[in-house]
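These are the residues of each chain, in order.
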Amino acid sequence: MITQDVDIRNRYIKAKRAIFDKIYDHLNDRQREAVFTVNSPLLVLAGAGSGKTTVLVNRIAFIIKYGNAYMNEYVPEDVDLDEVEKLEHALILPKEDLESIAFDFASNPCPPWAVLSITFTNKAANEMKERLSRVIGEQASDIWAGTFHSVCMRLLRKYTAEAGLAPGFTIYDTDDAKKLITNCLKELNIDEKVLAPRAVMNQISRAKDQLQTPSDFAAEASDLRLKQIAKVYELYQRRLTESNAVDFDDIIMRTVQMLENHPEVRDYCQTRFRYICVDEYQDTNKAQFRLTLLLSGKYRNLMVVGDDDQSIYKFRGATIENILGFDKELPDAKVIKLEQNYRSTKCILGAANAIIRNNIGRRGKELWCDNPDGDRIVVKKLDNQNEEARYIINKIMDSVIREKRKLSDFAVLYRVNAQSNSLEQVFAKSGVAYRMLGGLRFFERKEIKDIIAYLCVVSNTGDNLRLRRIINEPKRKIGEATVNAVAQIAEAEGCSMFDVMENADKYLAISKSASKLKEFTYLIRELQRIAAADKVSKLIESTIELTGYRKMILLMGDTELERLENVQELVSNAVEYENSHEEPTLSNFLEEVALVNDIDNYDENADAVVLMTIHSAKGLEFPVVFLPGFENGLFPGIQSQMQPDEMEEERRLAYVAVTRAREKLFITHVRERLIYGHTSYNHPSKFLEEIPEEHLERDMPKKPAEERKPGERPKRNVISREFLKQSDLTANVGRTKGFERFNAGDAVEHMSFGRGEILSVKEMGADLLYEIAFESVGTKKLMATYAKLKRV
DNA sequence: ACCAGGCTTCTTTTT
DNA sequence: GAAGCCTGGT
């Protein structure tokens, strides 16, 4: 049988596809097309809120279940009219039945371990795994899902020698890297005022993003400044290697180099990964693009998802070229645009579109939606940042009471962390439960970094930088001069500083401090014995004790006790790590510490308003969003105003900010703002002018005439008056119903802080300020209007 | 070697 | 405004 009836063939294929279309009818046409396109490079341009994670999850599940079942035109030879008609009639069956029929179409389905899914945060990776396991069950755990860095670390740990590293190598974070660069500058006798360490670090980091080695960089260095940076880069890289350490950029760059230089490793990886998906593609850099090309080199099943309009990490080396030029590099790539937004109201989307339209360097995309028009965006001008914060809290409480919203429905997104201070203070006073992300991060606290540094030296005595950090912390009377002498000897002998210290009495230059230096090495050796015999958590406790760190903190006085708590928290972290990992080792723990950050494990379920920068809000959504500080000079920032491409990045950031909101958006700006120690008088953001007036509602104070006599100054306590006036609050907590007045000594209960005792009461305008000692959270000052206290 | 007080510096920062 | 870094004195 050579010629099958063409009609039957076509009907068979059509029926098959109709069945898949129905199974995936919860997706729109474009989304479905992306799910079914599995055998070629694929670029998905996914606008904000267009369901890109849904597409990623469904596509991976589809690949594992059905392989290339949709696109292929295979028709079994024995198909006859009867069978085709059966398929055509099957369409009326429920989805579950269709799915079992669909398994017969499966064509070369992919085992889960051959799928690699790369995201930008650990949080996104976990979310991805969770959603996948809901669709395909426990198979999901075999999928490689992680960040660029975690995936590369897995490869580097496996092919350590090929990557030119020694086992147990450590990761330097940005802070470590900056310190090392400072050391290098000193060593090269370059004045820090001429070349700022920070700038050098950025430049080196950008070079690594572009896969430039120190010699590449030197070859291209045209002026004196670049030539000097090239020298620093070279020395910096040498120091890293000597310490058997990598920085964040090295993790990617070294993986790329390893894959390029070792065909056998490359072949293994290329054969292993049949399907590769990359999320947030607009924020990848050249090295990462190169990496994905290398890994997908054999099957070329590379799918990238991104939105050029949401690229906001250019300053970190992300290049929009990756997304703009993807189909140039891979000419057979299919490009699919997802332009239907499922997240926001028409009004919010209209504003977002209006803003982003002003950018020139875009791929061109216009989001639309079927959602309701929604409320207009509320724009409010306040007098200063404290009033701005109070206004936000008022609006939140108002909405909680009137619309029965949860506190976790609200997000306050700001441009710079410096704005967070005043916001936090007002929130803390108000008693409204809030959570702030991205302030001082746990692993960036000094005491935590110190203990980690001890662990790093225990794990890798070659780690000179960490050794320098802790050699005299707590004080051991080992001064800078001695440390530098040790470093010089180590350099001359070609060994580590630790090695020199162990044989300190052999070197004349440091003989005076020999006993102190050796004592330190005994301490590390002792900790190594503990590390070999016991769990990580036990090692940390021993470290705190034996190094004298605990004693040191206790001697610093009561104000520093928090440090001890933090250090204890690190022990808890380690216990948690031991419980959740099958093979808990010290070096794996250290890797996790270096690669995981606070935002990854913040508790989403807590009912609290969330405060964070717009950058960290990327990928998140909230029913109600507040955008304080929409002012020229702050957003867009003062330094972007002159440079068009910086301005475009700011505009993309504004676009990201606006599109985080599902239902309601509040934009505020103030007359005078105290920031960085200076008061500035900013005009409303130019981005605000770009939003058509039809989408906006100016929130003007509606003042009945009798409220304020001419010439009378407005009362200081603007919040509670405005608050009481504009909301139905009076019925709930307002004075008319006489919310109970408490006195010092009363025992009370607060909705989020629990039980406490009133310490003092102070009149504040129309309101009362209570100072309350809570049993669990300590003493706080709360305004009576917000505190919602109950007598107990 | 250590400490205290004065100086600068300050975008954003998934890793 | 606050943190971190350098400098100079002990």
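Residues numbered from 1 in each chain as written. Chains lettered and ligands numbered in written order. Predicted model: local features only at pLDDT ≥ 70, side-chain atom pairs only at ≥ 80, totals over all residues. Heavy atoms only, no water.

(A) The arrangement of the protein's contact with DNA strand C in detail. Glu192, Tyr676 and Gly677 make up every residue found near DNA strand C. Restricting the count to atoms of DNA strand C within 4 Å of the protein gives a sugar and phosphate share of 12%. (Near = heavy atom within 4 Å.)

(B) Spotlight on the nonpolar core. Counting residues in each nonpolar core, the largest one holds 68 residues, and the members touching the most others are Leu295 and Phe326. The leading source of residues in this core is helix α11 (residues 224-242), at eight residues. Once you skip the residues sitting within four places of it in the chain, Leu295 turns out to touch Leu116, Leu155, Leu259, Cys269, Gln270, Phe273 and Ile276. Counting residues in each nonpolar core, the second largest holds 50 residues, with Val483, Ala487, Ile489 and Phe589 among its members. (Core = buried A, V, L, I, M, F, W, Y, C linked by side-chain atoms within 4.5 Å. Buried < 20%, exposed > 50% of the residue type's maximum accessible area, 1.4 Å probe, protein only. Helix = DSSP H or I, 4+ residues; strand = E, 2+ residues; numbered from the N terminus. Contact = heavy atoms within 4.5 Å.)

(C) Representation of the sheet that holds strand β1 (residues 42-46) in the model. Pairing is parallel across the open sheet formed by six strands, whose spatial order is β3-β2-β6-β7-β1-β8. Looking at which strands have only one partner, the edges of the open sheet turn out to be β3 (144-147) and β8 (334-338). Averaged over all neighbouring strand pairs, the angle between strand axes comes to 15°, with direction disregarded. As paired strands, strand β6 (residues 275-278) and strand β7 (residues 302-306) are joined by three bridges and run parallel to one another. Across the sheet, residue Ile276 finds its bridge partner in β7, namely Leu302. Contacts between helix α3 (residues 52-66) and the sheet are confined to β1, β2 (115-119), β6, β7 and β8, with β7 contributing the most and set at about 165° to the helix. (Pairing = 2+ DSSP bridges. Axes fitted to C-alpha atoms, helices over the stretch in contact; angles between N-to-C directions.)

(D) Focus on the environment of Asn605. With respect to the helices, strands and loops of the structure, Asn605 is situated in the loop between α28 (586-595) and β14 (609-613). In this structure Asn605 comes out as exposed when scored by relative accessible area, which is 73%.

(E) Structural view of the packing of aromatic side chains. Scanning the model with the defined rule gives 26 aromatic pairs in all. Ring geometry for Phe20 and Phe105: centres 5.9 Å apart, planes at 55°, overall tilted. Note that Phe20 is positioned in helix α1 (residues 6-23) and Phe105 in the loop between α5 (95-102) and β2, a separation of 85 residues in sequence. Phe105 matches Phe20 in its accessibility class, with the two residues each being buried. When the ring centre of Phe169 is taken as reference, the NZ or CZ atom of Arg157 above it lies at 4.3 Å. Above the ring of Phe120, the side-chain terminus of Lys618 is found at 6.0 Å from the ring centroid. (Phe/Tyr/Trp six-rings, centres within 6.5 Å; stacked < 30°, edge-to-face > 60°. Lys NZ or Arg CZ within 6 Å of the ring centre and 35° of its normal.)

(F) Here's a closer look at a negative patch on the surface. On the surface, a cluster of negative charge is made up of Glu77, Asp78, Asp80, Asp82, Glu83 and Asp104. Tracing the chain through its elements places Asp82 in helix α4 (residues 81-90). The class for Asp82 is exposed, based on a relative accessible area of 55%. (Patch = residues over 30% accessible without salt bridge, like charges linked within 9 Å, V, L, I, M, F, W, Y side chains within 5 Å. Areas by Shrake-Rupley, 256 points an atom, 1.4 Å probe, with all protein chains shown as cover. Salt bridge = Lys/Arg side-chain N within 4 Å of Asp/Glu carboxyl O. Lys, Arg positive; Asp, Glu negative; His and termini not counted. Charge placed at Lys NZ, Arg CZ, Asp CG, Glu CD.)

(G) Structural detail: the environment of Val75. In this structure, Val75 sits in the loop between α3 and α4. Linking Val75 and Val609, residues 534 residues apart in sequence, is a C-alpha distance of 56 Å.

(H) Broad picture of the pattern of salt bridges. By the definition in use, this model includes 62 salt bridges. The residue Lys365 makes a salt bridge to Asp309 at a minimum N-O spacing of 3.2 Å. Of this pair, Lys365 sits in the loop between α17 (346-356) and β10 (368-369) while Asp309 sits in the loop between β7 and α15 (321-324), and the two are 56 residues apart along the sequence. Accessibility classification places Lys365 together with Asp309 in one group, the buried group. Where Glu631 meets Arg673, a salt bridge forms, and the shortest distance between an N and an O atom there is 2.6 Å. Of this pair, Glu631 sits in the loop between β15 (622-627) and α29 (644-658) while Arg673 sits in strand β16 (residues 661-675), and the two are 42 residues apart along the sequence. With relative accessibility at 4%, the residue Arg673 sits in the buried group.

(I) Summary view of the packing of helix α8 (residues 174-187) against helix α9 (residues 197-209). At a minimum axis separation of 9 Å, α8 and α9 run at an interaxial angle of 110°. Judged by the inter-axis angle, α8 sits roughly perpendicular to α9. Helix-helix and strand crossings are classified by hand; for α8 and α9 the assignment is right-handed. Only Pro197, Val200, Met201 and Ile204 of α9 make contact with α8, whose side of the interface consists of Thr174, Ala177, Lys178, Ile181, Thr182 and Leu185. Along the lines of polarity and charge, the residues of the contact of α8 with α9 split into seven nonpolar, two polar and one charged. (Parallel < 35°, antiparallel > 145°, perpendicular 65-115°, else oblique. Left-handed = near helix turned anticlockwise from the far one by under 90°. Nonpolar A, V, L, I, M, F, W, Y, C, P; charged D, E, K, R; others polar.)

(J) The pairing of β6, seen in detail. Residues of β6 alternate between two faces, with Tyr275 and Cys277 on one and Ile276 and Val278 on the opposite face, all of them buried. Bridge analysis of β2 against β6 gives four bridges, and the strand direction is parallel. By the bridge assignment for β6, Leu116 is matched with Ile276. Remark: the β6/helix α14 (residues 286-295)/β7 crossover connection has right-handed handedness. (Right-handed = clockwise from strand over helix to strand, strands pointing away.)

(K) Expanded view of α29. The end-to-end C-alpha distance of α29 is 21 Å, a good match for the 21 Å that 15 residues give at a rise of 1.5 Å each. Within α29, twelve of the 15 residues are buried, which leaves it mostly tucked inside the rest of the structure. Those residues of α29 lying buried are Met647, Glu648, Glu649, Glu650, Arg651, Arg652, Leu653, Ala654, Tyr655, Val656, Ala657 and Val658. Next to the buried residues of α29 lie α17, β12 (410-414), β15, β16 and α30 (686-689). (Expected span 1.5 Å × (residues − 1).)

Such coordinate-based values are descriptive only and should not be taken to indicate function.
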